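Spelled out from the first residue to the last, the chains are:
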Amino acid sequence: VKDLLAVEGMPLEAGSRLPVADLVGGEGDVVQALRAAGCVLLGKTRTIEMALGGHNLSHPVPWNPVDPDTRRTPGGSSHGSAVAVAAGLCPLAIGSDTGGSVRVPAALCGVVGFKPSHGRWPLSGVLPLSPTLDSLGLLTTTAADAALAYRSISACLGRSVSPVQLEEGVAGLSLGVHLPEHIPHDPEIARGFTAAVQTLVDHGAVVHPVDWPDAEEAALIQDLFATMVPLDLIGMLGEQRLAAGFDALDPISQHRLGHADRSRAGERAKQREHCRQLAALTRTRMQGLDAVLKPTSPLLPVPVAALTDVEQTVAFVRHSLANSRSGNIHDQCAVSLPLRAPGSSLPLGLEIACPSGGEARLLGLAERIASVLRAEAYPHPGAALWS
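Note that this is a predicted model, so its numbers are computed, not measured.

**Things to note about the overall build of the protein chain**
Piece 1. The helix and strand inventory of the protein chain stands at 12 helices and 8 strands.
Piece 2. Here the C-alpha radius of gyration of the protein chain, 19 Å, is about what a compact globule of 387 residues would show, namely 21 Å.
Piece 3. Taken over 387 residues, the protein chain has a buried fraction of 58%.
Piece 4. Here the protein chain displays about 14700 Å² of accessible surface, and carbon together with sulfur accounts for 54% of that area.
Piece 5. Across the protein chain, the centroid of the 30 positively charged side chains sits 2 Å from that of the 38 negatively charged ones.

**Some remarks on the packing of helix H6 (residues 215-237) against helix H9 (residues 268-285)**
Piece 1. With their axes 11 Å apart at the nearest point, H6 and H9 run at an angle of 140 degrees to one another. Here H6 lies oblique to H9, going by the angle between them. In this structure, H6 meets H9 at a crossing whose hand is left-handed. In contact with Glu217, Leu220, Leu224, Thr227, Met228, Leu231 and Asp232 of H6, H9 contributes Arg268, Gln271, Arg272, His274, Cys275, Leu278 and Arg285.
Piece 2. For the contact of H6 with H9, a count of residues per class yields 6 nonpolar, 3 polar and 5 charged.

**Describing helix H2 (residues 79-86)**
Piece 1. Most of H2 sits inside the fold, with 8 of its 8 residues counted as buried.
Piece 2. Residues of H2 that are buried include every one of His79, Gly80, Ser81, Ala82, Val83, Ala84, Val85 and Ala86, and no others.
Piece 3. Directly after H2, the chain includes Gly88, whose backbone phi takes a positive value near 80 degrees.

**As for helix H1 (residues 29-36)**
Piece 1. For H1, every residue scored as buried is listed here: Val30, Val31, Ala33 and Leu34. Buried residues in H1, looked at end-on, bunch into an arc of 155 degrees, giving them a common side.

**Observations concerning unusual backbone geometry**
Piece 1. For the peptide bond that leads from Gly76 to Ser77, omega is 10 degrees, which places it in the cis range.
Piece 2. Tracing the backbone through its elements, the reader meets Ser77 in the loop between H1 and H2.
Piece 3. Between Trp212 and Pro213 the backbone carries a cis peptide bond, its omega angle lying at 0 degrees.
Piece 4. Positioned with a positive phi, Asp331 is a non-glycine residue whose angle comes to about 50 degrees.
Piece 5. Along the chain, the position of Asp331 falls in the loop between helix H11 (325-329) and strand S7 (333-340).

The rules behind each value
- Residues numbered from 1 in each chain as written.
- Predicted model: local features only at pLDDT ≥ 70, side-chain atom pairs only at ≥ 80, totals over all residues.
- Heavy atoms only, no water.
- Helix = DSSP H or I, 4+ residues; strand = E, 2+ residues; numbered from the N terminus.
- Rg over C-alpha atoms; globule rule 2.2 N^0.38 Å.
- Buried < 20%, exposed > 50% of the residue type's maximum accessible area, 1.4 Å probe, protein only.
- Areas by Shrake-Rupley, 256 points an atom, 1.4 Å probe, with all protein chains shown as cover.
- Lys, Arg positive; Asp, Glu negative; His and termini not counted.
- Charge placed at Lys NZ, Arg CZ, Asp CG, Glu CD.
- Axes fitted to C-alpha atoms, helices over the stretch in contact; angles between N-to-C directions.
- Parallel < 35°, antiparallel > 145°, perpendicular 65-115°, else oblique.
- Left-handed = near helix turned anticlockwise from the far one by under 90°.
- Contact = heavy atoms within 4.5 Å.
- Nonpolar A, V, L, I, M, F, W, Y, C, P; charged D, E, K, R; others polar.
- Arc of directions from axis to C-beta.

This is how it looks when you write it as structure tokens:
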């Protein structure tokens, strides 16, 4: 369980030296649902400090098992959960996703990451980052495991989900395809994504290019994350606690929170309205489409040694989350499936997104697409490090 969630008998540190456990309280509904579903809770997994971004400089980064020789970033913020599944330590881990924090680590670690719609699962017993955007999610080795876990947890929350009757293959599916031209993608990512789409077409899927979010909308989304998210976190922590413990924060957290424009705190209601408008627009955009596909992240996992200073790391985090953040603003549910990058041993992620409330449909589509692409967590060379 990601160390943003309270678990009885285990500490809650949220990846931070700043005390925050008192802001969370006892176990929340989802952890109690895990117990009710029969889960054995093995422990807590590392998180980026308070889930604010995708890499820290002063906190240990879990070793991404995709490369046993080079320490590569596992992404963030749910990197401990992704690494635990990738390394074979557990078949299921819990993460949280505010701008891609389940999906991007899944993509960089070569596992499946599932983000339900905002509000589908309660957020009690969880340290909040941004109440408008936060969702809990799952990391697994297969899409079928994600579907099983989603149904089981939802049933224990009193929100039963009927299994989707799976059809064979992808013939007849209407899929929107988005490879954002305004975002630089690693060549292996672009080639792998294009090849996966072509395979789906070869099996009978019908694809439709989509161009949203375009560069203008992407800039608005970036502004929302640069202002609303850190201001939400500051409001939750309180200025007094933050000032007293600021020097103990990771340099990336210091940068994000220290550069937050507090003069814009009064805009948060307006910003949340922007989110609601974009979510409504996206539901209209997706009419006639079964799902929208895009690369989960535009980047392959980079060596940790390449991330040595604040500006460099902030730029990497912004770039790694550039494709995924719109899924939270648009209030989509989404799955990242693992694929192998062409000519590389490193993984990439294929994101499948559906409108809010379409989790059962999404997971059924993910199973069908995964069966055609043979997309499941492949044996990681670094898993031997953990045996």
